[in-house]
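A structural walkthrough
Here are the chains, one letter per residue:
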Amino acid sequence: MRLARHDGAWTPLFALWRRAVEATHDFVLPADLDFYESVLYNALPRLEVWTAKSQEGLLGFMALDRHMVEMLFIDPPFHRRGVGQALLNTARQLKGALQVYVNQQNLAALNFYLQYGFRETERLPLDGSGKAYPLVKLALTA
């Protein structure tokens, strides 16, 4: 697996995002998925994006804004194969302490971050867009 700062085409990342969200966010309404996809198109190019690739192609990506993990999405066939952990290891080496918001309903992601060593610091009833998808804020010390 190769990890690198993203400097290529955005379309494969958008497609991977959609596959990953459809596989893990069954609680999100279809119309909201379209809304979040438009947010992604605007936000992703402004963030520090890292990709994980292998001979099989793009495995996943992570987007950072300073110490905040804004996004971490792994293509579903590569879940539980160390891709997310490898991307977080890179973020930790680069940034030290990290923070992330996770959908409360996304128990697999929440458990992933807790097992990595993040600790809950806050719960919010709405997401950053004001939609009724509660968030859990997690922090990882350096």
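This text goes with the structure placed above it.
Below: a short report on this structure. Quick caveat, the model's predicted, so the values are computed rather than measured. (Residues numbered from 1 in each chain as written. Predicted model: local features only at pLDDT ≥ 70, side-chain atom pairs only at ≥ 80, totals over all residues. Heavy atoms only, no water.)

Summarising the element assignment, Phe112 is placed in helix H4 (residues 107-116). Residue Phe112 is classed as partly exposed on the basis of its relative accessible area, which comes to 29%. Placed 70 residues apart in sequence, Phe112 and Asn42 show a C-alpha to C-alpha distance of 27 Å. In this structure, Phe112 is in contact with Leu72, Gly84, Gln85 and Leu88, ignoring residues within four places of it in sequence. (Helix = DSSP H or I, 4+ residues; strand = E, 2+ residues; numbered from the N terminus. Buried < 20%, exposed > 50% of the residue type's maximum accessible area, 1.4 Å probe, protein only. Contact = heavy atoms within 4.5 Å.)

This brings us to helix H1 (residues 11-24). Given a rise of 1.5 Å per residue, 14 residues ought to cover 20 Å, and the 20 Å separating the end C-alpha atoms of H1 matches this to within 8%. When we look at burial in H1, the residues that qualify are Leu13, Phe14, Leu16, Trp17, Arg18, Ala20 and Val21. Against helix H2 (30-43), strand E2 (48-54), strand E3 (57-65) and strand E4 (68-74) lie the buried residues of H1. (Expected span 1.5 Å × (residues − 1).)

This part covers the packing of aromatic side chains. One pass over the structure, following the stated rule, counts nine aromatic pairs. Ring plane angle 70° and centroid distance 5.3 Å describe the contact between Phe35 and Tyr36, whose orientation is recorded as edge-to-face. For Phe35, a relative accessible area of 34% translates into the label partly exposed. On the basis of relative accessibility, which here comes to 17%, the residue Tyr36 falls in the buried class. Feature note: the residues Phe27, Phe35, Tyr36 and Tyr133 constitute an aromatic cluster, connected by ring pairs. (Phe/Tyr/Trp six-rings, centres within 6.5 Å; stacked < 30°, edge-to-face > 60°.)

This part covers the nonpolar core. One broad trend across soluble globular proteins is that nonpolar side chains are buried collectively. Of all hydrophobic cores here, the largest spans 24 residues; its most connected members are Val69, Tyr113 and Phe118. Residue assignment for this core shows that the elements contributing at least two residues are E2, E3, E4, helix H3 (83-95), strand E5 (98-103), H4 and strand E7 (135-140). (Core = buried A, V, L, I, M, F, W, Y, C linked by side-chain atoms within 4.5 Å.)

Okay, the sheet that holds strand E1 (residues 2-5) next. Reading across from one edge, E1-E2-E3-E4-E5-E7-E6 is the order of the seven strands in this open sheet, with mixed pairing throughout. Looking at which strands have only one partner, the edges of the open sheet turn out to be E1 and strand E6 (119-124). Neighbour-to-neighbour, the strand axes of this sheet turn through a mean angle of 25°, independent of strand direction. When E1 meets E2, the two strands line up antiparallel, connected through four bridges. Along E2, the bridge assignment pairs Arg5 with Trp50. Set on the sheet, H1 makes contact with E2, E3 and E4; between it and E3 the angle comes to about 90°. (Pairing = 2+ DSSP bridges. Axes fitted to C-alpha atoms, helices over the stretch in contact; angles between N-to-C directions.)

On to the pattern of salt bridges. For the coordinates displayed, the defined rule picks out nine salt bridges. Across the salt bridge formed by Asp75 and Arg19, the nearest N and O atoms sit 2.8 Å from each other. Of this pair, Asp75 sits in the loop between E4 and H3 while Arg19 sits in helix H1, and the two are 56 residues apart along the sequence. Its relative accessible area of 8% is what places Asp75 among the buried residues. With its nearest N and O atoms 3.2 Å apart, the salt bridge here joins Lys131 to Asp32. (Salt bridge = Lys/Arg side-chain N within 4 Å of Asp/Glu carboxyl O.)

All right, on to the packing of H3 against H4 then. Between H3 and H4, the shortest axis-to-axis distance is 12 Å and the interhelical angle comes to 50°. It follows that H3 is oblique to H4 by the angle criterion. The crossing of H3 and H4 is right-handed. Note on element contacts: H4 touches H3 through Phe112, Tyr113 and Tyr116, opposite Gly84, Gln85, Leu88, Asn89 and Arg92. Looking at side-chain class alone, the contact of H3 with H4 contains four nonpolar, three polar and one charged residues. (Parallel < 35°, antiparallel > 145°, perpendicular 65-115°, else oblique. Left-handed = near helix turned anticlockwise from the far one by under 90°. Nonpolar A, V, L, I, M, F, W, Y, C, P; charged D, E, K, R; others polar.)

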